[in-house]
Each structure stands twice: as structure tokens, then as C-alpha cells.
Amino acid sequence: MNELSEPIDMTRLASLQDKLKALAMMAGLPQQQAFSRDQEDINDAAMMLGLKGVTRAALFSAVEAVHQNKLGHAYFPKPSELRKLCDEAMRPQMERQRLSKSLAEQQTFNRQ
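What you are looking at is a predicted structure, and each value in this text was computed from that prediction instead of being measured.

What to know about the overall build of the protein
Phase 1: What the protein contains, in helices and strands, is 4 helices and 0 strands.
Phase 2: Listed by position from the N terminus, the elements making up the protein come as α-α-α-α.
Phase 3: Scaling as 2.2 N^0.38, a compact globule of 112 residues should have a C-alpha radius of gyration of about 13 Å, whereas the protein reaches 17 Å, well beyond that.
Phase 4: Within the protein, the proportion of its 112 residues that are buried is 26%.
Phase 5: Relative to all contacts within the protein whose residues are 6 or more apart in sequence, the contacts with residues 24 or more apart total 83%.
Phase 6: When the accessible surface of the protein is totalled, it reaches about 8,100 Å², and 55% of it is carbon and sulfur.
Phase 7: A gap of 6 Å separates the mean positions of the 15 positive and 14 negative side-chain charges of the protein.

Pasting the structure below:
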């Protein structure tokens, strides 16, 4: 069964392997500026920090958005840019979770 035919789990967090795969999918994009090896290491760490807590579905949605020029430029995204796209992709799920929690709290309150 191929990856596209499996149901999408909107809650599964992106693994390190998922993050590396997503970054590899964007590796062909040009960098906005050249970096020293030390700066590249710092950028790699910043990218991983920026992707902390994102879902797998949101991450690959963000990669798709990068390739569809949703950032308005054709460069490899900065960590904050990629995180923003992930947050936008996760927004509906986060809203559903917030609403569900609010309803549960309301039901608990009504029982008291």
C-alpha cells in the first residue's frame, strides 16, 4: 500500500526522520545567502527547534506550500517561515482540540 492511500493522521507528531525527509524535499531550493559551516550547523539546529511539536501532516503540507510559492519567494525557507506554514496547516486541528476541551469543561461544569 503506498503512502498516499493510507489515511492521514492529523495528530501524529513529525519524527526526526519526517523532518529530515521534509528538508530533503526542499534541498534543491536556493539559499538566500551563503553560510559558513558553523552557521549551517546553527541554522540546522534552529530549523529543528522551529519544527518542535509540529504534526507530520502539517509539516508535509508546509513543504507543499513552499513549493507552491506560498511564501512569495523561491528560496529555502527560514525556520520561522516553515514554522508559520506548519502552524497554518495545524490551525484547524488545534481549533477542534480547543473546542473539544471547552465543551468537556462546560459539561463538567454543568454536572456540578
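Once the structure has been displayed, the description carries forward.
With respect to the side chain of Lys19
Phase 1: With respect to the helices and strands, Lys19 occurs in helix α1 (residues 16–25).
Phase 2: Within the buried core, Lys19 has no salt-bridge partner, and the shortest N-O distance to an opposite charge, that of Asp18, equals 8.4 Å.
Phase 3: Not counting residues up to four positions away in its chain, the partners in contact with Lys19 are Ala14, Met48, Leu51, Lys52 and Leu59.

Topic: the packing of helix α3 (residues 56–67) against helix α4 (residues 79–111)
Phase 1: Close contact between α3 and α4 brings their axes to 8 Å; oriented N to C, the two are set at 120 degrees. As far as their axial angle goes, α4 and α3 are oblique. Classified by chirality, the crossing of α4 by α3 is right-handed. Where α3 abuts α4, its residues Ala58, Leu59, Ser61, Ala62, Ala65 and Val66 lie against Leu82, Leu85, Cys86, Ala89 and Met90.
Phase 2: Taken together, the residues that form the contact of α3 with α4 break down as 10 nonpolar, 1 polar and no charged.

Some words on the packing of α1 against α3
Phase 1: Running from N to C, α1 and α3 point in directions that differ by 5 degrees, and their axes come no closer than 10 Å. Relative to α3, the element α1 lies roughly parallel. Residues Asp18, Lys19, Lys21, Ala22 and Met25 of α1 form the contact with α3, whose own contacting residues are Arg56, Leu59, Phe60, Val63 and His67.
Phase 2: Taken together, the residues that form the contact of α1 with α3 break down as 5 nonpolar, 1 polar and 4 charged.

How each quantity is defined
- Residues numbered from 1 in each chain as written.
- Predicted model: local features only at pLDDT ≥ 70, side-chain atom pairs only at ≥ 80, totals over all residues.
- Heavy atoms only, no water.
- Helix = DSSP H or I, 4+ residues; strand = E, 2+ residues; numbered from the N terminus.
- Rg over C-alpha atoms; globule rule 2.2 N^0.38 Å.
- Buried < 20%, exposed > 50% of the residue type's maximum accessible area, 1.4 Å probe, protein only.
- Contact = heavy atoms within 4.5 Å.
- Areas by Shrake-Rupley, 256 points an atom, 1.4 Å probe, with all protein chains shown as cover.
- Lys, Arg positive; Asp, Glu negative; His and termini not counted.
- Charge placed at Lys NZ, Arg CZ, Asp CG, Glu CD.
- Salt bridge = Lys/Arg side-chain N within 4 Å of Asp/Glu carboxyl O.
- Axes fitted to C-alpha atoms, helices over the stretch in contact; angles between N-to-C directions.
- Parallel < 35°, antiparallel > 145°, perpendicular 65-115°, else oblique.
- Left-handed = near helix turned anticlockwise from the far one by under 90°.
- Nonpolar A, V, L, I, M, F, W, Y, C, P; charged D, E, K, R; others polar.

Just geometry here; none of it tells us what the structure is for.
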